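# Reading the structure
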Amino acid sequence: MRSFSFVTVDVFTDRRFGGNPLAVLPDATGLSDAEMQSLAAEFNLSETTFVLPPDDPANTARVRIFNRTAEMPFAGHPNVGTGWVLAGLGRDRDGVLRFEEIAGLVEVQVQRDGAEPTPRAVTIAAPQPLSLGPEMPVDLLAGCVGLAVEDVVVAAHRPVVASVGNSFVVAQVTGPALSRAAPDIARFKAAHDAFPVLGQRRLPLYLYAHDGEAGGATRLRARMFSPLSGTLEDAATGSAATPLAALLLSLTRDRERRYDITQGVEMGRPSLLLCAAHRAADGIRASVGGGCVAVQQGEIAL
């Protein structure tokens, strides 16, 4: 028998059973690809991370991220949660961790209160600048989530594929429509046949609505649906919040902006994602941060 330790944390929250749960294996050396995928399916969370030695010793770790059905190039709450766990184990260097991932190098900043070893918050920089792909037809998107075409707001931008390391269809909807959106799996499957640009079994839709301004930040509400890859709805999606922040900045002339994004409310798992976007030499870059709470720890026997 081989034994592997794991912990679970709730990410983008300051209270247990809020935010988005994540399983982390701080030392996954010796696990095969198939075993990682099987464990991610066994945990049955939106993502599970597996920490391995880095290829470059200047970095902290190589981090592999799996959802229930496939490996992911980058994701937000897995990086924030993994950073929080590894920082709690003292593996950061002066408050910084660097993770090697399929999408590129992810830099993690750790915020602590004084000499307290447990981080107060963790912020990650997305590994790529904003890139935009095809637009998804409004009627196709609306049908997937039980909305009318009129519920989709297109004044600023149409539903569009956006990425800073992981691609989503990002669409603005009205506030009431966001609250009543509900995924229709049959319509998702049909839409994927008509709009297959995000790959096999992938059609993640990230819907948002404006919610005012506060403290110098734009407030947004959001929901993410990806039933074809096993996540009917996600409580907090950092890798969608970051391209949203970058996209919204691209529609302005500002050098930088902050966005406070609330997600997971309709699921009973309220989450707060603190995002920022800025113009850099290679395009628009974004970051996302928040708090975490430890929930479980244990051993896996294989």
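A brief look at the structure comes next. (Residues numbered from 1 in each chain as written. Predicted model: local features only at pLDDT ≥ 70, side-chain atom pairs only at ≥ 80, totals over all residues. Heavy atoms only, no water.)

## Describing helix α6 (residues 238–250)
Stated formally: Helix numbers and strand numbers start at the N terminus; a helix is a DSSP run of H or I with at least 4 residues, a strand a run of E with at least 2. Multiplying 1.5 Å by the residue count of a helix minus one yields the expected span of that helix. Relative accessibility under 20% of the residue-type maximum defines a buried residue, over 50% an exposed one, and the middle range a partly exposed one, all with a 1.4 Å probe and only protein chains included.
With 13 residues, α6 extends 18 Å from end C-alpha to end C-alpha; this agrees with the ideal 18 Å at 1.5 Å per step. Counting buried residues along α6, twelve of its 13 residues qualify, which places the element largely inside the surrounding structure. Residues of α6 that are buried include every one of G238, S239, A240, A241, T242, P243, L244, A245, A246, L247, L248 and L249, and no others.

## Thoughts on the pattern of salt bridges
A side chain with one charge can pair with a side chain of the opposite charge if their charged atoms come near. Put simply, the test is: The working definition used for a salt bridge is a side-chain nitrogen of Lys or Arg within 4 Å of a carboxyl oxygen of Asp or Glu.
Tallying each qualifying case throughout the model produces 17 salt bridges. For D254, the salt bridge identified is with R257, shortest N-O distance 3.6 Å. On the basis of relative accessibility, which here comes to 33%, the residue D254 falls in the partly exposed class. Residue classification places R257 among the partly exposed residues on the basis of a relative accessible area of 26%. Residues participating in the shared-partner salt-bridge network are R221, R223, E233 and E266.

## Structural notes on the environment of V173
Stated formally: We call two residues in contact when some of their heavy atoms are within 4.5 Å.
Tracing the chain through its elements places V173 in strand β12 (residues 167–173). Judged by relative accessible area, V173 falls into the buried class, the value being 2%. For V173, the residues in contact, after removing those within four places along its chain, are L147, D151, V152, V153, L178, L207, Y208 and A209.

## As for the side chain of T48
In this fold, T48 is placed in strand β3 (residues 48–52). In this view, T48 contacts L22, A23, L25, A40, F43, R64, I65 and F66; residues no more than four positions away in its chain are not counted.

## Topic: the pairing of strand β6 (residues 96–101)
Consecutive side chains along a regular strand alternate between the two faces of the sheet. Put simply, the test is: For two strands to be treated as a pair, DSSP must find at least two bridges joining them.
Within β6, five of the six residues are buried, leaving the element largely enclosed by the surrounding structure. Hairpin connection, β6 to strand β7 (residues 104–111): the antiparallel pair is bridged by two residues.

## Digging into the side chain of N166
The line we're drawing: Polar contact is defined as a pair of N or O atoms within 3.5 Å, subject to the rule that within protein one atom must be able to donate a hydrogen and the other to accept it, and that residues adjacent in sequence are counted only when both atoms are side-chain atoms.
Tracing the sequence through the fold places N166 in the loop between β11 (160–163) and β12. Among the polar contacts made by the side chain of N166, one reaches the side chain of S239 at a distance of 3.5 Å. Beyond its immediate sequence surroundings of up to four residues, N166 is in contact with M72, P73, F74, R202 and S239.

## Some remarks on the nonpolar core
Put simply, the rule is: Residues belong to one nonpolar core when they are buried, are Ala, Val, Leu, Ile, Met, Phe, Trp, Tyr or Cys, and are joined through side-chain atoms within 4.5 Å.
Of all hydrophobic cores here, the largest spans 56 residues; its most connected members are Y206 and I261. Looking at this core, the element that brings in the most residues is α6, giving eight residues. Other than its neighbours up to four places away in sequence, I261 contacts Y206, L220, A222, A241, L244, S271, L272, L273 and C275. One finds L141, A191, L198 and L207 within the second-largest nonpolar core, a separate group that totals 25 residues.

## A closer look at the packing of aromatic side chains
Which entries qualify depends on this criterion: Note on ring pairs: Phe, Tyr and Trp rings are taken, using the six-membered ring of Trp, and paired if centres are within 6.5 Å. Classes follow the plane angle, with under 30 degrees stacked, over 60 edge-to-face and the rest tilted.
In this structure the tally under the stated criterion is three aromatic pairs. With a centroid separation of 5.6 Å and 85 degrees between ring planes, the pair formed by F50 and F66 is classed as edge-to-face. A residue pair is termed long-range when its members are at least 10 positions apart, and F50 in strand β3 and F66 in strand β4 (residues 61–66) qualify at 16 residues. Of the two residues, F50 and F66, both sit in the buried class.

## Considering the environment of P243
Relative to the assigned elements, P243 resides in helix α6. C-alpha of P243 to C-alpha of P129: the two residues are 114 residues apart in sequence and 8.6 Å apart in space.

## Section: helix α2 (residues 76–88)
Residues three or four positions apart in an α-helix share a direction because the helix packs 3.6 residues into each turn. Taking 1.5 Å per residue as the helical rise, α2 with its 13 residues ought to reach 18 Å, and the 18 Å between its terminal C-alpha atoms agrees with that figure. The buried count for α2 comes to twelve of 13 residues, which makes it a mostly enclosed element. Inspection of α2 places G76, H77, P78, N79, V80, G81, T82, G83, W84, V85, L86 and A87 among the buried residues, and these make up the whole buried set. Taken from the residues just after α2, G90 is the one with a positive phi, measuring 80 degrees.

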